[in-house]
Amino acid sequence: MLLHDFFSDTAARLPDKTALICEGQRYSYSDIAQRVNTLAHTLREGGVKRGDRVALFLDNSVEMAVGIYATLMVGAVFMPINALTKQDKLTYLLNDSRAAALITDSALQSIWAGSLAANTSVIRAVIVGDAASELDVLPLSLVDRCIRYPTKLVDTPVISEPATIDCDLASIIYTSGSTGEPKGVMLTHLNMVSATRSVSSYLELNEDDIIICVLPLAFDYGLYQLLMSFKVGATLVLERSFVFPIKVLEIMSQEKVTVFPGVPTIFSLLMNLKGLEKFDLAALRKITNTAAALSEEHIRRLRALFPRAVLYSMYGLTECKRVTYLPPDQLDIRPTSVGRGMPNEEVWLVDDAGNRLPNGSTGELVIRGSHVMRGYWEKPAETAKRLKPGPNPGEMVLYSGDLFRTDDEGWLYFVARRDDIIKSRGEKVSPREVENAIYSLVGVQDVAVIGIPDELLGQAIKAFIVQRDGFTLSEREVIRHCLSHLENFMAPKVVEFVTTLPTTDTGKIKKSGLS
Amino acid sequence: MQDIKNSVRQFLLDNFVMGANAKIADDVSFMKAHILDSTGFIELIMFIEDTYHVKVEDDEMLPENFDSLVNIEAYVARKNAVGIDT
């Protein structure tokens, strides 16, 4: 079974069913299949081969969904990239992965044009956008590599030769690393098929479901809404974001949405809205939360707001997609637990020496299953820290880097991360990546970035800066500089200027005393 | 009133957009052009409330009112015309 077989099977079984609703347009499974086929031809004719990486730098859109499946159809590896990514990072991602193709939008040209100019691996850039957009003003060096997104549909099927097998890579998803350099999580078809099966089975998703997705498809839980919906033959209502909650609520009511996946920041925004009762959300029967734990207060308020919906608390990491879920009937008994391992997976805790710990202990969570990644793209040292030999010969298991405790019955509770990665709005932020961006600002002598508690964001990003003599940067200048070099969620919310930063005996900046 | 688009444009350039060639056309969607995300919109709404002495209700937080300079101008004009919180 390959990841896109789920979609092909559904398209053959339910061709006329609505697969996707996006920006007011409805697409049936056969509409999507035809678009996928057409784009697959474009990629193939552009020279994309089995195993090549195809970067998808797009907002949530029908083209993003189509791009994922078209890439898989030609045996290539899709790389979803958050549309908030700025030029320097996009260049890094294209160069690091040596992407052969880029699918993007003319609205993002100010970002990708510079990245393409600094990249030689991309042989074909496929640009979504109206005919009047600015493609014609590209420098000559880029014109040859750029073509418009195909709109004339093609029926002849694309055949992947040689055929893809399930240990081939399906996707590389970049995630923040504590070194500041993003790491590409390599996932095979088998990895993603296993995760899609397990998660959709415990959530009991079926073809009557109407799933709303406000999370970016470049974020793995957003991506899995598409993968699971197309597997079970449900309808996916794809929204660009949760920037205008009222708009999303109107659509949820109008489309009678049954499943609402989110992260704590989204649920916080929702609960702070006045007039929520105006919207008829009676069809909603499942709310799923991931990325960070909901507080007990938020759980209570969410259940009061949506008494007919069951709430799933979950924990996962890109390296294997999902680890645990709490069955909704356990929520009253152990509200702060993230549950237990999902189907077809084994999890346990270990001490520092790697020994398995009994129930009632605290230790690092280890994950075993066919959903565990193949490693980080071309980063063997980083891979070795996370993938270690498992119980069977040749088998690798995933060391999560997260500390958990178990209760007497083995239910898991998140304790802390072992690295200094910050979680803000459900996104992982590497302090080092933010510090590197701030160091590039003239006038900065030293900087230390930490996460501080924030009611809406989970953690907010705070930067402490020592300025060089004669410079007087403002907080806003620093934030604006970060907004133009980093994804928006990585920009500090607070900047404090200090005269010195605490250091260790070896002269490294010590963050433990900062707050 | 004619200054609304220019003042909001300046606010966005001062706070969110870098680069010598940065420009924001009157009808560009802040969301589609990735000028603002959810917390950026919250800052923009606070700026509009403070500068134009209007109170933005939750159910007015819509792209039709805030997702471009022309939409903001029309929204502020409408609010002031009905005399709410002016």
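Look above for the structure.
Since the model is a prediction, treat every value here as computed from it, not as a measurement.

Quick notes on the rules
- Residues numbered from 1 in each chain as written.
- Chains lettered and ligands numbered in written order.
- Predicted model: local features only at pLDDT ≥ 70, side-chain atom pairs only at ≥ 80, totals over all residues.
- Contact = placed C-beta atoms within 7 Å.
- Helix = DSSP H or I, 4+ residues; strand = E, 2+ residues; numbered from the N terminus.
- Nonpolar A, V, L, I, M, F, W, Y, C, P; charged D, E, K, R; others polar.
- Buried ≥ 20, exposed ≤ 12 C-beta atoms within 10 Å, placed from the backbone.
- Axes fitted to C-alpha atoms, helices over the stretch in contact; angles between N-to-C directions.
- Parallel < 35°, antiparallel > 145°, perpendicular 65-115°, else oblique.
- Left-handed = near helix turned anticlockwise from the far one by under 90°.

S.K.: Would you mind going over the interface of chain B and chain A with me for this structure?
M.R.: Where the parts come together, the accessible area they lose is often given as the size of the interface. Facing 17 residues of chain B, the contacting portion of chain A comprises 19 residues. Considering every element that reaches the side of chain B that touches chain A, the biggest residue donor is helix H2 (residues 38-52) of chain B, with 3 residues. Residue composition of the side of chain B that touches chain A, grouped by class: 8 nonpolar, 5 polar and 4 charged.

S.K.: Hey, could you run me through unusual backbone geometry in this one?
M.R.: Backbone phi values are negative for most residues with the exception of glycine, while trans is the configuration of most peptide bonds. Residue Glu204 of chain A is not a glycine yet carries a positive backbone phi of 55°. By the element assignment, Glu204 of chain A lies in the loop between helix H7 (189-202) and strand S10 (210-213). The exposed category is assigned to Glu204 of chain A, around which 11 C-beta atoms lie within 10 Å. Even without being glycine, His34 of chain B reaches a positive phi, approximately 60°. Along the polypeptide, His34 of chain B turns up in the loop between helix H1 (3-15) and H2. For His34 of chain B, a count of 23 C-beta atoms within 10 Å puts it in the buried group.

S.K.: Explain the packing of helix H2 (residues 29-45) of chain A against helix H3 (residues 62-73) of chain A here, please?
M.R.: Between two packed helices, the angle of one axis relative to the other and the distance separating the axes together describe the packing. All names here are of chain A. Following both chains from N to C, one finds H2 and H3 inclined at 55°, their axes separated by 8 Å at the closest point. The angle between H2 and H3 places the two elements in the oblique class. For the crossing formed where H2 meets H3, the hand is right-handed. Mapping the contact onto sequence places Ile32, Arg35, Val36, Leu39, Ala40 and Leu43 in H2 and Ala65, Val66, Gly67, Tyr69, Ala70, Thr71 and Met73 in H3. Counted by class, the contact of H2 with H3 contains 10 nonpolar, 2 polar and 1 charged residues.

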